[in-house]
Amino acid sequence: VQLQASGGGLVQAGGSLRLSCAASGRTFSSYAMGWFRQAPGKEREFVAVISWTGGTSYADSVKGRFTISRDNAKNTVSLQMNSLKPEDTAVYYCAATRRILAVNDYEYDYWGQGTQVTVSS
């Protein structure tokens, strides 16, 4: 599976961005898809995951503000980010795993290249 993330950019606090991740391969629907982020000087952290059946899990820090979704027909997964805060600034990565609703990065098998999100105060 090859993953290509896009949609990052610069936004003011309180604004919104929508990240997308395009996946290659015919087995996309059998993978759970996750988003992680890494801020400068910090470790990569879990953001959200969606299973192949549409079940979701979110980090507490984004719950109620971010929404993950997928379109198996288009091989895409999206992350709608609302009410953005400066602390959401990071490089965001999409990833694929065979494990249901995995929240640890070591559980993921495939990674995209990352897209930068910068939230100004």
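Structural data are supplied above this passage.
Below is a summary of the structure that appears in this document. (Residues numbered from 1 in each chain as written. Predicted model: local features only at pLDDT ≥ 70, side-chain atom pairs only at ≥ 80, totals over all residues. Heavy atoms only, no water.)

## Focus: the state of the cysteines
The condition is simple: Note on terminology: disulfide denotes any pair of cysteine sulfur atoms within 2.5 Å. For the purposes of this entry, the term helix denotes a DSSP run of H or I that reaches at least four residues, the term strand denotes a run of E that reaches at least two, and both are numbered from the N terminus. Here the term buried applies to any residue with accessible area under 20% of the maximum for its type, exposed to any over 50%, and partly exposed to those in between, with areas from a 1.4 Å probe on protein chains only.
What the rule picks out here adds up to one disulfide. Through a disulfide, C21 is tied to C94; the S-S separation comes to 2.1 Å. Taking the sign of the S-S torsion, 60° for the link of C21 and C94, the bridge is right-handed. One end of the pair, C21, is in strand β3 (residues 17-23); the other, C94, is in strand β9 (residues 90-97), with 73 residues separating them in the sequence. Taking relative accessible area as the criterion, C94 reaches 0% and is therefore assigned buried.

## Comments concerning the environment of D105
Here is the rule: Any two residues whose heavy atoms approach within 4.5 Å at even a single point are treated as in contact.
On the secondary structure map, D105 appears in the loop between β9 and β10 (110-111). Accessibility expressed as a relative area gives 26% for D105, which makes it partly exposed. Sequence separation between D105 and F36 is 69 residues; the distance between their C-alpha atoms is 7.8 Å. With residues up to four places along the chain from it excluded, the contact list for D105 reads F36, R44 and W111.

## Overview of the pattern of salt bridges
The cut-off we apply is this: The term salt bridge refers to a side-chain nitrogen of Lys or Arg lying within 4 Å of a carboxyl oxygen of Asp or Glu.
According to the stated counting rule, one finds six salt bridges in the structure shown. Taking the shortest distance from any N to any O, the salt bridge between D105 and R44 comes out at 3.5 Å. On the criterion of sequence distance, the pair formed by D105 in the loop between β9 and β10 and R44 in the loop between β4 (32-38) and β5 (45-50) is long-range, its members being 61 residues apart. The exposure class assigned to R44 is partly exposed, which follows from its relative accessible area of 32%. Between D88 and R65 there is a salt bridge whose closest N-O contact spans 2.7 Å. Of this pair, D88 sits in the loop between β8 (76-81) and β9 while R65 sits in the loop between β6 (56-58) and β7 (66-71), placing them 23 residues apart in sequence. An identical accessibility class is assigned to D88 and R65; each is buried. Linked by salt bridges that have partners in common, R37, E45, R65 and D88 make up one network.

## Some remarks on the pairing of β9
Under the convention used in this document: We treat two strands as partners when DSSP finds at least two bridges between them.
When you tally the buried positions in β9, you get seven out of eight residues, the bulk of the element. Where β4 meets β9, seven bridges bridge the pair, whose relative direction is antiparallel. Bridged to R37 within β9 is Y92. Of the pairings in the sheet, the one linking β9 to strand β11 (residues 115-120) comprises three bridges and is antiparallel in character. Looking at the pairing, A90 lines up with V117 of β11. Relative to β10, β9 runs antiparallel, the two sharing two bridges. Opposite A95, over in β10, you have W111 as the bridge partner.

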